[in-house]
Amino acid sequence: MASTVDRMNRRTFLTGIAAIASASPDDPHFPRYHFRPPKNWMNDPNGLIYWNGEYHMFYQYNPNAAYWGDMHWGHAVSTDLMHWKPLPLALYPDKPYDKDGVFSGCAVVHDGVPTLVYTGTNPERQCVATTSNNLREFHKIDQNPVISAPPMEVTGFRDPCLWKEGDEWLMALGGGFPDVGGAVLLYSSKDLVSWRYLHPLCQGKNSKTGHNWECPNFFPLGDRHVLLVSAEPFQKVLYFIGRYENRRFTPESEGVFDAGGSLYAPQTFLDKDGRRTLIGWLTEPRSKEESVKAGWSGVQSLPRVLTLRKDRTLGVEPHPNVRTVREPWSKRGAQVEFEATTAKADLYLGSEVLPIEYAGGSLTVANRSAPMKLAAGEPLRLNVFVDHSVVEIFANGRVAMALRVYPAKTGPVRLDAPGAKVTAYQVPNTVEYD
Ligand code: FRU
């Protein structure tokens, strides 16, 4: 039986869906084929999982305002990672151990039961919720919190990422050591309830990689392992590629994942065909006041597939399902995918223009640059997605950059690449709001 607070929140959320169905066509910046709930604040994707024919995406959500606070887990389902249907909120901050916020976490299947593992606040501690009825019902377990305090002084203690080794669960937790730098703590458990702290899985340096690592994501890729962390204070996603031996991770190379300046707190999981698939939160450059006025903030990226390339660098491409929704271009609207083979192009978005250029070993979009080494004679292949205020650019299976753009005057969207063939497709609305 839902509590009064639960029912109120549920009602607010569903009213929001109804409101947007009529109001949002007037908002030229509201994305239409990237997922976000109809209104209010959203941040990190949580608990990405494929279960019984459906993809579930949970997400950090404030049901009552277009700014961060009062964190709940929102919930949406999809059969193809593109068409999303919002569902009622999944987790509420309604227990003594999570009353100040249900923070980020993951979903795993334990003993055949899809189970959510998240951080309750405040203070930060780790909690478990089992699910039933195809992830439509959620039950916080009586033993919560399952990890009630950090083993030493830390800068953060949150965002569990779990995987299985034999009959043991391993948990990577984000945080850092004061005056040292960001770190990931490693725990093990057989039953998700009783956890043992092992040691740091990996540790960085304050000056180089930030003082606190949020949202660690750790997974095998090809013959290596990859660790993604969202590093404070830089607000950047760092990736490390390296070796995982004796339950310690030693990076061999590293870089910034997505230099577009918007993607943060990504999470990966395996899609139904075993592809390592990533979705990340695309943050807003708008002020709190502007977000409140608009009534919404935050959107999720397109699903991306990660691979380890032959030279052991990270490969990144749009998930193949992204292409299955596009339609022939009919010269309308701000929902477009462009394909072009060209070293230089200008993306016109109403009153804004974003220059895109490959030169000197970098791909530059407006004032953002990502290192990229094309082989001699290898042309630059661009895929540019525009969804109102969202721009995602992919190049040669190697670089992805997400940006947010709010043109003062909306108008025709076009990619100019003199001398090159540009193919445009229209992308329909993919989120079902009522
Ligand atoms: C990252 C983050 C997480 C935390 C969540 C709270 O954006 O700060 O570390 O769990 O957001 O909303």
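Thresholds, definitions, all that
In every chain, residue numbers begin from 1 and rise along the written sequence. Residues qualify for local features only when their pLDDT is at least 70, as the model is predicted, and side-chain atom pairs are given and counted only at 80 or more; totals for whole chains, interfaces and linings, by contrast, use all residues. Derived side-chain values reflect all non-hydrogen atoms in the structure, with water molecules and hydrogen atoms excluded from consideration. For our purposes a nonpolar core is just a set of buried Ala, Val, Leu, Ile, Met, Phe, Trp, Tyr and Cys residues, chained together by side-chain atoms within 4.5 Å. For each residue, the accessible area found with a 1.4 Å probe, counting protein chains only, is set against the maximum for its type, and the residue is called buried under 20%, exposed over 50%, and partly exposed in between. Start and end points for every domain follow an automatic or database-based domain assignment. What makes two residues a contact is simply this: any of their non-hydrogen atoms within 4.5 Å. By the criteria applied, helices consist of DSSP H or I runs no shorter than four residues and strands consist of E runs no shorter than two, each listed in order from the N terminus. Planes of paired rings set the category: under 30 degrees apart is stacked, over 60 is edge-to-face and the rest tilted, where pairs are Phe, Tyr or Trp rings (Trp by its six-membered ring) whose centres lie within 6.5 Å. When the NZ atom of lysine or the CZ atom of arginine is within 6 Å of a ring's centre and also within 35 degrees of its normal, the charge is said to sit over that ring. By definition, two strands form a pair when at least two bridges between them are found by DSSP. If a single non-hydrogen atom of a residue is within 4 Å of a molecule or strand, that residue counts as near it. N or O atoms within 3.5 Å of each other form a polar contact, as long as, within protein, one can give a hydrogen and the other can take it, and as long as residues adjacent in sequence are counted only when both atoms are side-chain atoms. Note on areas: these come from Shrake-Rupley sampling with a 1.4 Å probe, and a residue is covered only by the protein chains present in the view. Under the scheme applied, nonpolar residues are Ala, Val, Leu, Ile, Met, Phe, Trp, Tyr, Cys and Pro; charged residues are Asp, Glu, Lys and Arg; polar residues are all the others, including Gly. A cavity here means a set of points on a 1 Å grid, drawn over the protein atoms and nothing else, where a 1.4 Å probe fits but cannot get out; a pocket is an open set with protein on both sides within 12 Å along at least five of seven lines, and a residue lines either one if it has an atom within 4 Å of a point. Grid points are joined across faces, edges and corners, and a volume is the space filled by probe spheres set on the points.

Colleague: Where do I start with the nonpolar core in this structure?
Modeller: Soluble, globular proteins show a tendency: their nonpolar side chains are buried together. Core analysis: the biggest nonpolar cluster contains 34 residues, and L221, V226, L228, F257, L306 and L314 have the highest contact counts within it. Residues lining this core come from more than one domain, with at least three contributed by each of domain 1 (4-316) and domain 2 (326-426). In contact with L221, not counting residues within four places along its chain, are V226, R276, L306, T307, L308 and L314. In this structure, I356, M372, L374 and L415 belong to the second largest nonpolar core, which totals 31 residues.

Colleague: What is the right way to read the side chain of D98 from this model?
Modeller: By the secondary structure assignment, D98 is in the loop between β4 (85-91) and β5 (101-110). Overall, the relative accessible area of 0% leaves D98 in the buried class. Those residues in contact with D98 that lie beyond four places of it in its chain are Y92, P93, Y118, G120, T121 and K140.

Colleague: In this structure, what is going on with the packing of aromatic side chains? I would like to understand it.
Modeller: Given two aromatic rings, their pairing is described by the distance between the two centres and the angle made by the two planes. One pass over the full model with this rule turns up 21 aromatic pairs. Measuring from centroid to centroid gives 5.1 Å for F30 and W296, while their planes differ by 75 degrees, and the two rings are edge-to-face. Note that F30 is positioned in the loop between α1 (4-23) and β1 (40-51) and W296 in strand β19 (residues 296-297), a separation of 266 residues in sequence. For the residue pair F30 and W296, the accessibility class agrees, reading buried in each case. When the ring of F35 is compared with that of Y59, the centres are 5.4 Å apart and the planes differ by 55 degrees; the resulting orientation is tilted. Placement of the pair is F35 in the loop between α1 and β1 and Y59 in strand β2 (residues 54-62), with a sequence separation of 24 residues. The two residues F35 and Y59 agree in class, both being buried. Put simply, the rings of F35, Y59, Y61 and W84 touch in pairs and so form one group of aromatic residues. Against the face of Y67 rests K288, its NZ or CZ located 4.3 Å from the ring centre. We note R326 situated over the ring of Y425; from NZ or CZ to the ring centre the distance is 3.7 Å.

Colleague: What should I look at first to understand the pairing of strand β22 (residues 314-318) in this one?
Modeller: In regular strands, side chains alternate between the two faces of the sheet. The element β22 is largely enclosed, with a buried count of four among its five residues. Pairing of strand β21 (residues 304-308) with β22 involves five bridges; the strand directions are antiparallel. Considered in β22, the bridge of L306 is made with V316. Connecting β21 to the antiparallel partner β22 that follows it, the hairpin turn spans five residues, and R312 within it adopts a positive phi of roughly 60 degrees.

Colleague: Explain the site of the ligand to me, please; I cannot follow it from the model alone.
Modeller: For the ligand, the set of nearby residues contains 13 residues, the closest of which are D44, Q60, R158, D159 and E214. Contacts to the ligand include N43, whose side-chain N or O atom sits 3.0 Å from an oxygen atom. Contact between the ligand and E214: an oxygen atom at 2.7 Å from a side-chain N or O atom of the residue. Starting from 320 Å² of accessible surface for the ligand in isolation, the protein chains cover 92%. For the shell around the ligand, the secondary-structure elements that each account for two or more residues are β1, β5, β9 (157-165) and β13 (212-221). The residue makeup of the shell around the ligand, split by class, is six nonpolar, three polar and four charged.

Colleague: Even after reading the chapter, I still don't get the layout of surface pockets, so can you show me in this structure?
Modeller: If you roll a probe as big as a water molecule over the atoms, it shows you where there is empty space left. Roughly 490 Å³ of volume is contained in the largest pocket. Lining the largest pocket are 23 residues, with Y239, T313, P371, R398 and V399 sitting closest to its centre. Of all the secondary structure elements, the ones that give two or more residues to the lining of the largest pocket are β15 (236-245), β16 (248-256), β22, β28 (368-371) and β31 (399-404). Among the elements that take part in the lining of the largest pocket, β16 stands out by supplying four residues, more than any other.

Colleague: Hey, could you run me through the sheet that holds strand β29 (residues 381-387) in this one?
Modeller: Taken in spatial order, the six strands line up as β23-β33-β24-β29-β30-β31 in an open sheet, and their pairing is antiparallel. Here the strands that pair on one side only, and so sit at the sheet edges, are β23 (327-328) and β31. Strand direction decides the pairing type here: β29 and strand β30 (residues 390-395), joined by six bridges, are antiparallel. Bridge pairing links D387 to V390 in β30.

Colleague: Help me understand empty space enclosed by the protein, please; the structure alone is not making it clear to me.
Modeller: In the structure shown here, the tally under the stated rule is two cavities of 30 Å³ or more. Each pocket or cavity is described by its volume, and for the largest cavity that value is around 80 Å³. In this structure, the second largest cavity encloses a volume near 50 Å³. Lining the second largest cavity, in full, are Y33, H34, F35, M57, L81, M82, W84, I279, Q300, S301, L302 and P303. Residues of the lining of the second largest cavity, tallied by class, amount to nine nonpolar, three polar and no charged.

Colleague: How should unusual backbone geometry be read in this particular structure?
Modeller: Trans is the prevailing form of peptide bonds, just as negative phi is the prevailing case for residues other than glycine. Following T121, the chain continues into N122 via a peptide bond in cis, with omega recorded as 0 degrees. Among the secondary structure elements, N122 is positioned in the loop between β6 (113-121) and β7 (125-132). With an omega dihedral of -5 degrees, the bond running from N144 to P145 counts as a cis peptide bond. Notably, D258 is not glycine yet its phi reads approximately 75 degrees, a positive angle. Structurally, the position occupied by D258 is in the loop between β16 and β17 (263-270).

In short, the description is geometric, and any link to function would need to be established separately.
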